[in-house]
Amino acid sequence: MAPNLDNSGTAFLVVIMAGLSTAIGAAVVFEPRMVKLASKPVLAAGLGFSGGVMMYVSFAEIFPESRTLFEEHGLDKALAYFWATFCVFSGMLLLRVMAF
């Protein structure tokens, strides 16, 4: 069966935009006025925002899919929810341990 390529144009556009945003972000360091904006509070706010986005993606997108896959594997809803929760928090703990 051939893959469905209906969204390939949108996917390609998103990849190009992601690459351009990385290049623009890297070019910012060459503008002295923009470098002055990079104070500790601004960087902390940016890191806090990106951390919040990562947590949103984890809990709103990945967690329900994980729970669904556990259910499809034959676990009941309560046990699937437990294992999905266990995996999320085990991953957080693992990342925390690796950060030392």
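Anything mentioned here points back to the structure above.
Residues numbered from 1 in each chain as written. Predicted model: local features only at pLDDT ≥ 70, side-chain atom pairs only at ≥ 80, totals over all residues. Heavy atoms only, no water.

Enquirer: Go over the packing of helix α3 (residues 40-72) against helix α4 (residues 77-98) with me, naming the residues and quoting the values.
Expert: Interaxial distance between α3 and α4 falls to 8 Å at its minimum, and their mutual angle equals 135°. One element, α3, and the other, α4, form an angle in the oblique class. Considering how the two elements wind past one another, α3 and α4 form a crossing that is right-handed. Residue-level inspection shows Phe 59, Phe 63, Ser 66, Arg 67, Phe 70 and Glu 71 of α3 in contact with α4, the latter providing Lys 77, Ala 80, Tyr 81, Trp 83, Ala 84, Thr 85, Cys 87, Val 88, Phe 89 and Met 92. (Axes fitted to C-alpha atoms, helices over the stretch in contact; angles between N-to-C directions. Helix = DSSP H or I, 4+ residues; strand = E, 2+ residues; numbered from the N terminus. Parallel < 35°, antiparallel > 145°, perpendicular 65-115°, else oblique. Left-handed = near helix turned anticlockwise from the far one by under 90°. Contact = heavy atoms within 4.5 Å.)

Enquirer: Kindly report on a nonpolar patch on the surface, identifying the contributing residues and their values.
Expert: Taken together, the side chains of Phe 49, Val 53, Tyr 56, Val 57 and Ile 62 make up a nonpolar region of the molecular surface, amounting to roughly 500 Å² of accessible area. Of note, Tyr 56 is situated in helix α3. (Patch = residues over 30% accessible without salt bridge, like charges linked within 9 Å, V, L, I, M, F, W, Y side chains within 5 Å. Areas by Shrake-Rupley, 256 points an atom, 1.4 Å probe, with all protein chains shown as cover. Salt bridge = Lys/Arg side-chain N within 4 Å of Asp/Glu carboxyl O.)

Enquirer: Break down the environment of Phe 59 for me, citing the residues and quoting the values.
Expert: Mapped onto the elements, Phe 59 comes out in helix α3. What makes Phe 59 partly exposed here is its relative accessible area of 34%. For the pair Phe 59 and Val 88, spaced 29 residues apart in sequence, the C-alpha to C-alpha distance is 8.7 Å. Ignoring sequence-local partners within four residues, the contact set of Phe 59 consists of Pro 64, Val 88, Phe 89 and Met 92. (Buried < 20%, exposed > 50% of the residue type's maximum accessible area, 1.4 Å probe, protein only.)

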